[in-house]
Amino acid sequence: MPGGSSSLFSGFRVLGLYSNHIPHALRYHLKHREFYLVTSVGRSFHTFNVSRLGIVAVSNSMSDDISCLAADRMLVFAATGRTVCAFARNKEVVRHYHGHQQEVRLLLPLGDQLISADSGGDVIVWDVQDGDIYLRLNFDPNTFDVSAMMHPSTYLNKVLLGSSQGALQLWNIKTSKLLFTFPGWLAGVTALQQAPAVDVVGVGTATGRIIIHNIRLDETLMSFKQDWGPVSTLAFRTDGPPIVASGSPQGHIAFWDLERRQLVNQQRHAHRTAVAGATFLHGEPLLVTNGADNAIKVWIFDQEGGGARLLRCRQGHSAPPTTIRHHGNDGKNILSAGQDGTLQSFSTVHERFNKNLGHGSISKKKEKNKKKGLSYKELRLPAITAFASAVTRQADWDGIVACHRGRLSVTTWNYQRCTMGAHHLKPTGTKRDAIATAVDITSCGNFAVVGSSCGRVDVYNLQSGLHRGCYGDNEKAHSGVVRGVATDTLNQLTVTCGSDWLLKFWRFKTKKQEEELKLTAAPASMRLHRDSGMVAVALDDFTLVVVDMETRRVVRKFAGHHGNITDMTFSPDGRWLVTVAMDCTIRTWDLPSGCLVDCFLVATAPVGVSLSPTGDFLATAHVDSLGVFLWTNKSLCGPVGLRPLTADYQPAEEVLPGVTAEEAEQEATSEEVDEYQSAEQLGAELVTLSLLPESRWKSLLYLDNIKKRNKPLAPPAAPPTAPFFLPTVPGLTPRFELPPATNTQSKVLGWGSLAQRSEFTSALLSALQSGSFDQPLRLLKDCGPAALSVEFTCLTSEGGGDDSLLLAFIQMIDSMLASGRDFNLAHAYLALFLQLHLQTLSQDAVVMAALLRLSSRLEAGWADLQASFNQSLCLLSYMKSALL
């Protein structure tokens, strides 16, 4: 049957993606006074601030991978296929440029115009604001294949084009005229860069030559030659020293002095792969580089002799990760081992907490390695195939143990120091072609258990690195390859499985076998949930079995995968088992019910999976993907209805986090579940409170105190200015004239003579005739405490009302108490009503009779509530004090 999307997991974000082979773009924000770095990561680009290399924005994804990037003061331009897009605020697409017939591979912003070149020989000049084509130039790729573009400084409306045949052309894009053709240097042009001096251009060629050329005089000033192959990028330093930097496909960077015309320094192995882009910050001794090794680096020139050192770095795996595991109990760090041989830690909180534990080395002693004459590549260990970690004693000694491809010795790593440890754990007396295949660390963090391809299972002390014994007779636990090892929480039992179809249980201390279990197929891998004692074993026939360590019997069998099961993980409570396989599915099995409860497809096959100890994130690693993908657990955010899935269930494909555009419309194929609507009143014998906040009804009796407290103090009044000539009374004795006394009659009229009926009082009179008080009650709920006081004051004749309004209000409160709804509002409104009008009500016999009937209803309602409260309190007191 057709299925829907995952009901348990939702894509969140991707970790460890920073850069690819596309050169970066650098822009300066004038208002922020800060440089920003834009790098491509596939179908989207990331924006970082250079000062901290913190990610600022992630763009919306495009339909295909980005082929080139460029940026000006306001926009970021990215090309994908034949289309060029302009992004505003580093995220949103604001304009599309259509007109190319081939893939766009070069972009150059120039004022209000954008120049783009494709692989078919078309160069188009666009109007950035309107998106119209201003000029189109056609070149024959066989004679002039455009490979580089730049705008010479102070050359108005001019652009310099370089070709893979070696020639250069200077064009005026306003008049569409070819101004000059440079014959070149018999080598293809790979890079063009403006020098700090006017008329001087740096040219990088495919043969490794760097030419400093004056395009005004057509004169070569100087040239250099690097021995590392073609020049992949050029950058001139602008803060004083005349230095030009050149990148190479091997990851090295050379620094050339233009005054002394010689090589002054070199940065070897700056990147693991080709240096895609290098840019000096204007007026600062900082160099920003990026490469296809998924790394962004900032170098500062503060060393003696003009050397550079690494200042900041953001780096992920340069080859796809193969094994991922959560490290620690807080679920904030994910250890990842990649095919590039590095072990890295990615933080789910912030990228500044990421750690790179580096690449394994055969020996950590540098002097000894130099004497042996070992090169950099010969010292590196192969990629990690399996590892285990523990945080119990990581502050005292190494807490990570890793197996390497094709090697028998197992390395230790220190997470806190971010380095490889001092021990190489290797058994003696084994075959030369044996390799380590499985590893585990005890919960106490003192011992490491290592399984090998020759059938041995050895125990080592992590503090000293000494061998502490092995399992089995004749130092052999299995007759085939050991596929998995695990120890329980109390270091009482050790579980191993091998290619001999056996699952064996050993006593940890005595190394004696207690029991073995015959499996239905050869096991591929094994995972233990220590808290529940459940062991999950993936078999080569694409099935899974779950074994209880206490009873040592198979308690669950799962079938459904159509490819090799690559990894699996348990939920923190041991209820779910999440498995991934080469059939591109991620399945969640419910152990208590023994059913498949969630399944979804991904575009590329997952090779690693890990569920955080807190259960909030599921991390996956995929084939040909450099990042670690996070999926949120929906069950922590709200109720999730997990239903057993049928055997013919066809899962729907889920998009990897951060891969496709937000604008892409996704068809909702999941079954619609009707939301439950709660009734206004669950039962006639119950009372229901209103949903209004307490501030709307709890302070009604204290309005006078609140007004008095909030009354503003009058500012001091300035004394009236005295007249310059004081008036006097005529006569022999001088006396000042007093101001005449004014008897002004108050013009303030009574409230009742001008008051008009409010919407509430009109609705109240209508409700008195119809018998339904819903409309006036709805109007009162919209009023605040002060407005309620005004409305209640207007009910009497002094406020513009009459006795019928008082009687109608009492009947409204009586209907509220009879229905049991808005119980708290009925009491609050009645209390304020009696506080304002008690003296007036006592003089009306009809109103007093209605109040007596209301009082009897109040007493009966409170009696029922009091009985329920007493019953609940009695039961609670008994449960707390009784010995059950």
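In what follows, the accompanying structure is described. All values derive from a computational prediction rather than experimental measurement.

Some points on the overall build of the chain
Now for step 1: Across its full length, the chain carries 10 helices and 58 strands.
Now for step 2: Its C-alpha atoms give the chain a radius of gyration of 40 Å, clearly above 29 Å, the size a compact globule of 884 residues would have.
Now for step 3: Judged by the C-alpha coordinates and their principal axes, the chain covers about 115 × 95 × 65 Å.
Now for step 4: In the chain, once contacts between residues fewer than 6 apart in sequence are set aside, the share between residues at least 24 apart is 46%.
Now for step 5: Surface accessibility of the chain: about 44800 Å² in total, with carbon and sulfur atoms responsible for 53%.
Now for step 6: Considering the chain, the positive charge centre built from 83 side chains and the negative charge centre built from 82 side chains are found 10 Å apart.

Focus on a nonpolar patch on the surface
Now for step 1: Taken together, the side chains of W862, F869 and L873 define a hydrophobic patch exposed on the protein surface, amounting to about 330 Å² of accessible area.
Now for step 2: Inspection of the secondary structure puts L873 in helix α10 (residues 845-881).
Now for step 3: Given the relative accessible area of 55%, L873 is considered exposed.

Quick look at the sheet that holds strand β26 (residues 275-280)
Now for step 1: Taken together, four strands build an open sheet; the order of strands is β26-β27-β28-β29 and the sheet is antiparallel. Looking at which strands have only one partner, the edges of the open sheet turn out to be β26 and β29 (309-315). When the angles between neighbouring strand axes are averaged without regard to direction, this sheet yields 15°.
Now for step 2: Relative to strand β28 (residues 295-300), strand β27 (residues 286-291) runs antiparallel, the two sharing six bridges. When the sheet's bridge partners are listed, T289 is paired in β28 with K297.

Quick look at unusual backbone geometry
Now for step 1: Phi at N294 takes a positive value of approximately 65°, unusual for a residue other than glycine.
Now for step 2: Looking at where N294 falls in the secondary structure, it is placed in the loop between β27 and β28.
Now for step 3: Judged by relative accessible area, which is 0%, N294 ranks as buried.
Now for step 4: Even without being glycine, C418 reaches a positive phi, approximately 60°.
Now for step 5: The topology assignment puts C418 in the loop between β36 (410-414) and β37 (419-425).
Now for step 6: According to the relative accessible area criterion, C418 is partly exposed, its value standing at 22%.

So, the side chain of D548
Now for step 1: Along the chain, D548 turns up in strand β48 (residues 543-548).
Now for step 2: Despite its burial, D548 remains without a salt bridge, the nearest opposite charge being carried by R552 at 8.3 Å.
Now for step 3: A polar side-chain atom of D548 sits 3.1 Å from the main-chain amide nitrogen of E550.
Now for step 4: In contact with D548, not counting residues within four places along its chain, are G533, M534, R553 and V555.

Re the sheet that holds strand β7 (residues 75-80)
Strand pairing in a sheet is mediated by backbone hydrogen bonds. Such pairs are either parallel or antiparallel.
Now for step 1: Pairing within the open sheet is antiparallel, and its four strands lie in the order β6-β7-β8-β9. Edge strands, defined here as strands with exactly one partner in the open sheet, are β6 (68-71) and β9 (92-98). Neighbour-to-neighbour, the strand axes of this sheet turn through a mean angle of 20°, independent of strand direction.
Now for step 2: Pairing of β6 with β7 involves four bridges; the strand directions are antiparallel. Within β7, the residue paired with A70 across the bridge is F77.

Section: the environment of Q416
Now for step 1: Mapped onto the elements, Q416 comes out in the loop between β36 and β37.
Now for step 2: Look at Q416 and you get partly exposed, because its relative accessible area is 45%.
Now for step 3: Sequence spacing of Q416 and A395 is 21 residues, and the spatial spacing of their C-alpha atoms is 7.1 Å.
Now for step 4: Residue contacts for Q416: discarding those within four places in its chain leaves K355, Q394 and A395.

Observations regarding the environment of G472
Now for step 1: Mapped onto the secondary structure, G472 falls in the loop between β41 (467-470) and β42 (482-487).
Now for step 2: Sequence separation between G472 and L493 is 21 residues; the distance between their C-alpha atoms is 14 Å.
Now for step 3: The residues touching G472, leaving out its near neighbours within four places in the chain, are A477, W506 and K511.

Quick look at the state of the cysteines
Now for step 1: A complete count under the given rule lists zero disulfides for this structure.
Now for step 2: There is no disulfide at C85, and the cysteine sulfur nearest it, in C68, is 11 Å away.

Focus on the nonpolar core
Now for step 1: In this structure, L764, L780, F792, L795, F809, I813 and Y829 are the most contacted members of the largest nonpolar core, which totals 36 residues.
Now for step 2: The residues contacting I813, other than those within four sequence positions of it, are A826, Y829, L830 and L854.
Now for step 3: Listed in part, the 18 residues of the second largest apolar core include L110, L137, F144 and L161.

So, α10
Now for step 1: In a regular helix each residue adds 1.5 Å, so 37 residues correspond to 54 Å; α10 covers 53 Å between its end C-alpha atoms and thus fits that length.
Now for step 2: Among the residues of α10, V847, A850, L851, L854, L858 and L865 are the ones counted as buried.
Now for step 3: In this structure, the buried residues of α10 make contact with α8 (803-819) and α9 (823-841).
Now for step 4: Its side-chain oxygen placed 3.1 Å from the backbone nitrogen of V846, D844 serves as the N-cap of α10.

Side note on the packing of α8 against α10
Now for step 1: Across the interface, α8 lies against α10 with an axial gap of 10 Å and an inter-helix angle of 15°. Relative to α10, α8 is oriented roughly parallel. As α8 runs across α10, the sense of the crossing is left-handed. Along its contact with α8, which presents L807, I810, I813, D814, L817 and A818, the element α10 presents V846, V847, A850, L851, L854, R857 and L858.
Now for step 2: Partitioned by chemical class, the residues of the contact of α8 with α10 number 11 nonpolar, no polar and two charged.

Here's the deal with helix α6 (residues 774-781)
Now for step 1: For α6, the set of buried residues is P776, L777, L779 and L780. An end-on view of α6 places all buried positions within 160° of arc, on one side of the element.
Now for step 2: Packed against the buried residues of α6 are α5 (759-770), α7 (785-793), α8 and α9.

Things to note about the packing of aromatic side chains
Now for step 1: Within the structure shown, the criterion is met by 19 aromatic pairs.
Now for step 2: Plain terms: the ring middles of F224 and W256 are 5.0 Å apart, the flat faces sit at 25° to each other, and that makes the pair stacked. With F224 in strand β21 (residues 219-225) and W256 in strand β24 (residues 253-257), this pair connects stretches of sequence that are 32 residues apart.
Now for step 3: Of the residues examined, W256 reaches a relative accessible area of 6% and is grouped as buried.
Now for step 4: Here the aromatic residues F792, F809, Y829 and F833 are joined through ring pairs into a cluster of three or more.
Now for step 5: Positioned over the ring face of F508 is K511, at 5.6 Å from the centre of the ring.
Now for step 6: Directly above the aromatic system of F505 lies the positively charged group of R552, at a separation of 5.5 Å from the ring centroid.

Rules and cut-offs
Residues numbered from 1 in each chain as written. Predicted model: local features only at pLDDT ≥ 70, side-chain atom pairs only at ≥ 80, totals over all residues. Heavy atoms only, no water. Helix = DSSP H or I, 4+ residues; strand = E, 2+ residues; numbered from the N terminus. Rg over C-alpha atoms; globule rule 2.2 N^0.38 Å. Contact = heavy atoms within 4.5 Å. Areas by Shrake-Rupley, 256 points an atom, 1.4 Å probe, with all protein chains shown as cover. Lys, Arg positive; Asp, Glu negative; His and termini not counted. Charge placed at Lys NZ, Arg CZ, Asp CG, Glu CD. Patch = residues over 30% accessible without salt bridge, like charges linked within 9 Å, V, L, I, M, F, W, Y side chains within 5 Å. Salt bridge = Lys/Arg side-chain N within 4 Å of Asp/Glu carboxyl O. Buried < 20%, exposed > 50% of the residue type's maximum accessible area, 1.4 Å probe, protein only. Pairing = 2+ DSSP bridges. Axes fitted to C-alpha atoms, helices over the stretch in contact; angles between N-to-C directions. Polar contact = N/O pair within 3.5 Å; in protein donor to acceptor, adjacent residues only side chain to side chain. Disulfide = S-S within 2.5 Å. Core = buried A, V, L, I, M, F, W, Y, C linked by side-chain atoms within 4.5 Å. Expected span 1.5 Å × (residues − 1). Parallel < 35°, antiparallel > 145°, perpendicular 65-115°, else oblique. Left-handed = near helix turned anticlockwise from the far one by under 90°. Nonpolar A, V, L, I, M, F, W, Y, C, P; charged D, E, K, R; others polar. Arc of directions from axis to C-beta. Phe/Tyr/Trp six-rings, centres within 6.5 Å; stacked < 30°, edge-to-face > 60°. Lys NZ or Arg CZ within 6 Å of the ring centre and 35° of its normal.

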